[in-house]
Amino acid sequence: MSSALTSFEPATGALLWQGAAGNVDEEVARAATAWPQWAAQPIAYRIETLRRFVNVVRAHEDKLADLIARETGKPLWDAQTEVAAVMGKVDISVSAYAERTGQKRLDAAMGARQSVRHKPHGVMAVLGPYNFPAHLPNGHIVPALLAGNSVVFKPSEKTPAVGEMLVKLYHEAGIPQDAIRLLLGGAEEGKALTAHGDVGGVLFTGSAQTGIAINRQFAGEPGKILALEMGGNNPAIVWDTPDINAAATLVAQSAFLSSGQRCTAASRLIVKESIADAVIAEVKKIADRLIIDHPHADPTPYMGPVIDEAAADGLTESFLYLMSNGGKPIKHMVRPVKGLPFVTPAIIDVTAMAERPDVELFGPLLQVVRVPDFDAAIAEANNTRFGLSAALIGGSPEQYNQFWTQVRAGIVNWNRPTNGASSAAPFGGVGISGNHRPSAYYAADYCAYPVVSSEIEQPRASIGVGLKPIDTGAMGD
């Protein structure tokens with residue numbers, strides 16, 4: 001297995017962190033030892049401990065936001081919103097746990113009672129992504145701990161420093177050292193963790209390719225819980241609207257926020273032919289004005305770099321592929337800083353392409369498709385194996401109702417961006433965007449399993465039919 005790990009600041013190239021890969025067997029063993037004691041604690045104790053975690057994060061808020069900004073390259077303001085989401089997750093999870101996994105009492109026959117309660121799965125493996133290295137794994141870890149599980153958390157090998165700090169904050173808050181373990185490493189450690197026999201479930205956020213591989217690995221393991229969030233190829237439809245500028249602004253937010261490195265980012269702009277030129281021109285005008293710089297720059301940037309040179313190379317190669325296969329460039333993707341993974345927002349009209357690649361382009365690359373009518377717009381929106389997020393911008397209430405009914409996605413918005421989903425709602429998709437285990441508010445569903453019990457304090461039973469009469473003839477002998 002790999003041993004040496006390093007993390008560099010995308011915006012500067014400076015070495016930020018270095019360390020060594022962890023031992024999978026050791027971390028799982030420690031978590032397996034810890035979870036029964038953690039689960040045995042009253043729920044009120046676990047809630048109070050997690051609320052202390054919020055206070056600890058608040059005390060280190062600036063440091064955590066700065067580290068997120070440096071390690072991901074996202075602007076500081078974007079990192080600060082991520083830290084706020086980390087803190088907000090606890091109260092949301094407490095409410096979700098009470099609502100979705102609360103206890104129920106029902107009457108039963110012969111004076112018994114029926115009880116519905118929930119048990120933790122045991123050791124949960126959490127595999128986190130690099131784009132939200134604190135918020136997204138925290139969205140699994142908090143509800144898992146709340147339900148009484150222990151956690152082995154493997155952050156992305158591209159953001160180990162944030163993962164390490166997050167686990168330290170849990171420990172500082174009083175979560176037992178072995179109830180939340182940090183496993184550093186790359187793909188090999190990730191595969192070993194998901195395959196470990198003592199892991200009761202895997203909670204994954206990342207690429208479809210990796211998620212599908214994990215799903216295949218679990219084919220013979222029906223007893224383990226698996227929650228997958230695997231990104232999207234998300235459409236934004238722009239239809240009749242009196243405010244072209246507002247529509248274009250929503251498209252730009254959808255496509256370019258966080259340098260397009262959001263699983264809910266819009267990859268495809270589907271636009272009515274008669275307004276296409278005006279909408280595209282306005283989106284381009286906004287994209288031209290976006291400030292791209294390092295996280296702490298002044299004036300404040302809208303975008304930072306993408307995560308690393310490999311990601312930037314992949315995006316520029318994708319743009320060239322689209323262009324050489326029938327796409328018409330509207331705004332070229334440029335690498336403004338040699339040797340660093342900055343890329344400018346790119347827009348390309350792919351209407352004439354015979355076959356459009358159905359992939360997640362994880363960056364600020366927007367493909368435009370012109371369509372003649374609304375039915376064609378919905379058909380184009382559904383022309384993907386993914387199904388995470390979709391938005392209609394403009395249109396009538398009747399068209400939105402048709403869009404909501406017919407589009408295949410777990411997040412369906414009207415006159416709002418495709419991204420920026422609330423943690424107080426379920427978050428997940430269909431197709432190869434997920435496996436019907438939405439996270440956020442619904443994470444409670446996969447962090448504990450329901451147990452139904454019929455209970456009475458003294459044994460009480462009778463058999464009323466199908467018995468032979470009692471033979472009393474021999475009793476006097």
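Source: prediction; values computed, not measured. (Residues numbered from 1 in each chain as written. Predicted model: local features only at pLDDT ≥ 70, side-chain atom pairs only at ≥ 80, totals over all residues. Heavy atoms only, no water.)

This paragraph deals with the overall build of the protein. Counting its secondary structure elements, the protein contains 14 helices and 19 strands. Expressed along its principal axes, the backbone C-alpha trace of the protein runs to roughly 105 × 55 × 35 Å. Taking all 477 residues of the protein together, 53% fall into the buried category. Counting every atom, the protein has about 20,800 Å² of accessible surface; 53% of that belongs to carbon and sulfur. With 40 positive and 48 negative side-chain charges, the protein shows a separation of 2 Å between the mean positions of the two kinds. (Helix = DSSP H or I, 4+ residues; strand = E, 2+ residues; numbered from the N terminus. Buried < 20%, exposed > 50% of the residue type's maximum accessible area, 1.4 Å probe, protein only. Areas by Shrake-Rupley, 256 points an atom, 1.4 Å probe, with all protein chains shown as cover. Lys, Arg positive; Asp, Glu negative; His and termini not counted. Charge placed at Lys NZ, Arg CZ, Asp CG, Glu CD.)

Moving on, we get to the nonpolar core. Counting 52 residues, the largest nonpolar core has Phe53 and Phe153 as its most contacted members. Ranked by the residues each element gives to this core, the list is headed by helix H6 (residues 160-173), at eight residues. Excluding residues that lie within four positions of it along the chain, Phe153 makes contacts with Val126, Gly128, Pro133, Pro137, Ile141, Gly163, Leu166, Val167, Ile180, Arg181, Leu182 and Leu183. Judged by nonpolar contacts, the second largest core, of 33 residues, contains Trp239, Ala346, Ala377 and Leu392. (Core = buried A, V, L, I, M, F, W, Y, C linked by side-chain atoms within 4.5 Å. Contact = heavy atoms within 4.5 Å.)

Turning next to the sheet that holds strand S3 (residues 104-107). Backbone-to-backbone hydrogen bonds join strands into a sheet, with any given pair of strands oriented parallel or antiparallel. Pairing within the open sheet is antiparallel, and its three strands lie in the order S3-S4-S19. The open sheet terminates on both sides in strands that have one partner only, identified here as S3 and strand S19 (448-455). Across the sheet, the mean angle from the axis of one strand to that of its neighbour is 25°, orientation sign disregarded. Of the pairings in the sheet, the one linking S3 to strand S4 (residues 113-120) comprises four bridges and is antiparallel in character. Along S4, the bridge assignment pairs Lys104 with Val116. (Pairing = 2+ DSSP bridges. Axes fitted to C-alpha atoms, helices over the stretch in contact; angles between N-to-C directions.)

We now examine unusual backbone geometry. Residue Pro299 is bonded to the preceding Asp298 through a cis peptide linkage, with omega at 5°. Structurally, Pro299 is set in the loop between helix H10 (273-289) and helix H11 (309-324). Positive phi outside glycine occurs at His436, with the angle close to 60°. Position of His436 among the secondary structure elements: in the loop between strand S17 (426-427) and strand S18 (439-440). In this structure, Ala440 is a non-glycine residue whose phi angle is positive, near 60°. Mapped onto the elements of the fold, Ala440 is located in strand S18.

With respect to burial, strand S14 (residues 365-371) is a largely interior element, six of its seven residues being buried. Summarising the sheet, strand S11 (residues 266-272) and S14 pair through five bridges and their orientation is parallel. Across the sheet, residue Val271 finds its bridge partner in S14, namely Arg370. In this structure, strand S13 (residues 346-349) lies alongside S14, joined through four bridges in parallel fashion. Directly across from Ile347, in S14, lies its bridge partner Leu366.

Between helix H12 (residues 374-381) and helix H13 (residues 397-406), whose axes approach to 11 Å, the crossing angle comes to 30°. As summarised for this structure, H12 and H13 are arranged roughly parallel, according to the angle between their axes. Relative to H13, H12 is oriented so that their crossing is right-handed. From H12, Phe374, Asp375 and Ile378 reach across to H13, where they touch Gln399, Gln402, Phe403 and Gln406. Grouping the amino acids of the contact of H12 with H13 by side-chain chemistry returns three nonpolar, three polar and one charged. (Parallel < 35°, antiparallel > 145°, perpendicular 65-115°, else oblique. Left-handed = near helix turned anticlockwise from the far one by under 90°. Nonpolar A, V, L, I, M, F, W, Y, C, P; charged D, E, K, R; others polar.)

Moving on: the environment of Glu27. Counting through the fold element by element, Glu27 comes out in helix H1 (residues 24-40). As for Glu27 and Asp178, which are separated by 151 residues in sequence, their C-alpha atoms are 8.2 Å apart. Setting aside its immediate chain neighbours within four residues, Glu27 contacts Val152, Arg181, Leu182 and Leu183.

What follows concerns the state of the cysteines. Where two cysteines share a covalent bond between their sulfur atoms, that bond is called a disulfide. On inspection of all chains with the given rule, the structure shows zero disulfides. There is no disulfide at Cys447, and the cysteine sulfur nearest it, in Cys263, is 18 Å away. (Disulfide = S-S within 2.5 Å.)

Moving on to the environment of Gly260. Tracing the backbone through its elements, the reader meets Gly260 in the loop between helix H9 (244-256) and S11. Gly260 sits in the buried class, given a relative accessible area of 1%. A C-alpha to C-alpha distance of 8.6 Å links Gly260 and Pro345, two positions 85 residues apart in sequence. What Gly260 contacts, discounting residues up to four positions off in sequence, is Ala255, Ala265, Phe362, Gly363 and Pro364.

Looking now at the packing of aromatic side chains. This model, assessed by the stated rule, comprises seven aromatic pairs. Geometrically, the ring pair formed by Trp239 and Phe374 is edge-to-face, given 5.4 Å between the ring centres and 70° between the ring planes. Note that Trp239 is positioned in the loop between strand S10 (234-238) and H9 and Phe374 in helix H12, a separation of 135 residues in sequence. Note on accessibility: Trp239 and Phe374 belong to one class, buried. Between the aromatic rings of Tyr400 and Phe403, the centroid separation amounts to 6.4 Å while the plane-to-plane angle is 40°, which identifies the pairing as tilted. In this pair, Tyr400 and Phe403 both sit in helix H13, three residues apart, roughly one turn of the helix. Exposure class is identical for Tyr400 and Phe403. Each is buried. An aromatic cluster is defined as three or more aromatic residues linked by ring pairs; in this entry it consists of Tyr400, Phe403 and Trp414. We note Arg100 situated over the ring of Tyr442; from NZ or CZ to the ring centre the distance is 3.6 Å. (Phe/Tyr/Trp six-rings, centres within 6.5 Å; stacked < 30°, edge-to-face > 60°. Lys NZ or Arg CZ within 6 Å of the ring centre and 35° of its normal.)

Moving on to H10. For H10, which comprises 17 residues, the first-to-last C-alpha distance of 25 Å matches the rise-based estimate of 24 Å (1.5 Å per residue) to within 8%. Those residues of H10 that sit buried are Ile275, Ala276, Val279, Ile280, Glu282, Val283, Ile286 and Ala287. Where H10 is buried, its residues contact S10, H9, S11, strand S12 (328-331), S13 and S14. (Expected span 1.5 Å × (residues − 1).)

All right, on to the pattern of salt bridges then. With the rule as written, the count across this model stands at 24 salt bridges. Note that Lys331 is salt-bridged to Asp288, the shortest N-O span being 2.8 Å. On the criterion of sequence distance, the pair formed by Lys331 in strand S12 and Asp288 in helix H10 is long-range, its members being 43 residues apart. Using a relative accessible area of 14% as the deciding quantity, one classes Lys331 as buried. (Salt bridge = Lys/Arg side-chain N within 4 Å of Asp/Glu carboxyl O.)

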